[in-house]
Amino acid sequence: MSPLDPLDIHRCAQALCAGLDLDKPAVLLVSSALPGEGKSLVSDLLARALLAQTGREILLLAAGPGQAPAAAVGAIETLMTGGEWRADWCAGTGGPRVCRLGHGASFGSGQWFRRPAVGRLLAECRQRAGVTLIDGPVLTQCGALVPASDRVLLVVDARRTPATRVRQALQQTGLGGPRLAGVYLNRQREPSAGWMEA
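Residues numbered from 1 in each chain as written. Predicted model: local features only at pLDDT ≥ 70, side-chain atom pairs only at ≥ 80, totals over all residues. Heavy atoms only, no water.

J.: What should I look at first to understand the overall build of the protein in this one?
T.: A tally of regular secondary structure across the protein gives 6 helices and 6 strands. Sequence-ordered secondary structure for the protein, helices as α and strands as β, is α-β-α-β-α-β-α-β-α-β-α-β. Within the span of the protein, comprising 198 residues, buried residues form 46% of the whole. A sequence separation of at least 24 residues applies to 84% of the contacts in the protein between residues at least 6 apart. A total of about 9,300 Å² of accessible surface is found on the protein, and carbon and sulfur atoms cover 53% of it. (Helix = DSSP H or I, 4+ residues; strand = E, 2+ residues; numbered from the N terminus. Buried < 20%, exposed > 50% of the residue type's maximum accessible area, 1.4 Å probe, protein only. Contact = heavy atoms within 4.5 Å. Areas by Shrake-Rupley, 256 points an atom, 1.4 Å probe, with all protein chains shown as cover.)

What follows is the structure, given as structure tokens:
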């Protein structure tokens, strides 16, 4: 089975939404313990799966260090500083869709630790979309995104990332309990139910 099997992505989207009242806007964060785990690809596929499952507008925030293709560049910092939503960021007709918002080249990861600014950004996103999916930086650089998100999914490269690194990241951020939706083992060849015990 492919690690990015559409059925796996569909199940992952269901798990992220489990227990959420989707009549209210939700914020979902996708992160990883290390860079290069595949979270941007997983985020993109999850956004499409969430659109199909919920039938609601999806905002995909490219919050990691790179810039996502086809994202409204600079939208994130505009909203974090109290700027106005621009209609061209999510233009189009024909019902719900996935809209991608990005940040500019000068945006630093330290911005995610500015709780009031993150709060402004996510409040605006909650007004605009049924689900906001954040393709975040590595977990230890997510700052205020972690407590502001309804659910967090960790993407882990099962071939190269030891479980100890994931546990360290979880401990450093205090993430656990019901907000941790789970771990998506990317690039796994065989089912590995005991991976976290390794």
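J.: Help me understand the state of the cysteines in this model?
T.: Covalently bonding the sulfur atom of one cysteine to the sulfur atom of another cysteine gives a disulfide. Using the criterion set out here, one finds 1 disulfide in the structure. Distance from the sulfur of C12, which forms no disulfide, to the nearest cysteine sulfur (C17) is 9.7 Å. A relative accessible area of 9% means that C12 is categorised as buried. (Disulfide = S-S within 2.5 Å.)

J.: Whenever I open this one, the sheet that holds strand β6 (residues 180–186) confuses me. Can you help?
T.: What links the strands of a sheet is backbone hydrogen bonding, and the strands pair in either a parallel or an antiparallel sense. As summarised here, the arrangement of the 6 strands in space is β3-β2-β4-β1-β5-β6, forming an open sheet in which the pairing is parallel. Two strands lie at the open edges of the sheet, namely β3 (98–101) and β6, each paired on one side alone. On average, each strand axis in the sheet is inclined to that of its neighbour by 20°, with strand direction left out of account. Sheet topology places strand β5 (residues 151–157) next to β6; 6 bridges connect them, and they run parallel. (Pairing = 2+ DSSP bridges. Axes fitted to C-alpha atoms, helices over the stretch in contact; angles between N-to-C directions.)

J.: Just checking my understanding: could you explain the nonpolar core for this structure?
T.: One broad rule of soluble globular proteins: the nonpolar side chains tend to lie buried together. Of all hydrophobic cores here, the largest spans 39 residues; its most connected members are L101, W112 and L121. Elements with a contribution of two residues or more to this core: β1 (26–31), β2 (58–62), α3 (75–80), β3, α4 (115–128), α5 (145–148), β5 and α6 (163–173). Among the elements that take part in this core, α4 stands out by supplying 5 residues, more than any other. Setting aside residues no more than four positions away along its own chain, L121 makes contact with L61, I76, L79, M80 and W112. Formed by 20 residues, the second largest nonpolar core is a distinct cluster that contains I9, C12, A49 and Y184. (Core = buried A, V, L, I, M, F, W, Y, C linked by side-chain atoms within 4.5 Å.)

J.: Help me out: how do you make sense of the confidence of the model for the protein in this one?
T.: Regions with low pLDDT carry predicted coordinates that are not meant to be interpreted in detail. Here the protein shows a mean pLDDT of 85. Residues at 70 or above account for 89%. Predicted confidence is poor over residues 192–198, with pLDDT under 50, and the contacts of this stretch with residues over four places away or in other chains come to 15 contacts. (pLDDT = per-residue confidence, 0-100.)

J.: Would you mind showing me how to read the packing of helix α1 (residues 6–17) against helix α2 (residues 39–54) here?
T.: Their axes nearest at 9 Å, the elements α1 and α2 cross at an angle of 70°. By the angle class used here, α1 and α2 are roughly perpendicular. On α2, the residues touching I9, H10, C12, A13, Q14, L16 and C17 of α1 are V42, L45, L46, A49, L50 and Q53. Its residues assigned to classes, the contact of α1 with α2 comprises 10 nonpolar, 3 polar and no charged. (Parallel < 35°, antiparallel > 145°, perpendicular 65-115°, else oblique. Nonpolar A, V, L, I, M, F, W, Y, C, P; charged D, E, K, R; others polar.)

J.: Looking at this model, I keep getting lost on the pairing of β1. Mind explaining?
T.: When a strand is regular, its side chains alternate between the sheet's two faces. A large share of β1 lies buried, amounting to 6 of its 6 residues. Burial along β1 is two-sided: the residues A26, L28 and V30 and V27, L29 and S31 are all buried. Sheet topology note: the β1/strand β4 (residues 131–135) ladder contains 5 bridges and is parallel. Directly across from L29, in β4, lies its bridge partner I134. In this sheet, β5 lies alongside β1 in parallel orientation, the contact comprising 4 bridges. From the neighbouring strand, V30 faces β5, where its bridge partner is L153.

J.: I'm lost on the environment of G130 in this one. Help?
T.: By the element assignment, G130 lies in the loop between α4 and β4. Apart from residues no more than four positions distant in its own chain, G130 is found in contact with K24, P25, A26, R56 and E57.

J.: Help me out: how do you make sense of α1 in this one?
T.: Since the α-helix turns once every 3.6 residues, residues separated by three or four places project in the same direction. End to end, α1 covers 17 Å across 12 residues, agreeing with the expected 16 Å (1.5 Å per residue, within 8%). All of the buried residues along α1 are D8, I9, C12, A13, L16 and C17. G19 sits one or two residues past α1 and shows a positive phi near 85°. (Expected span 1.5 Å × (residues − 1).)

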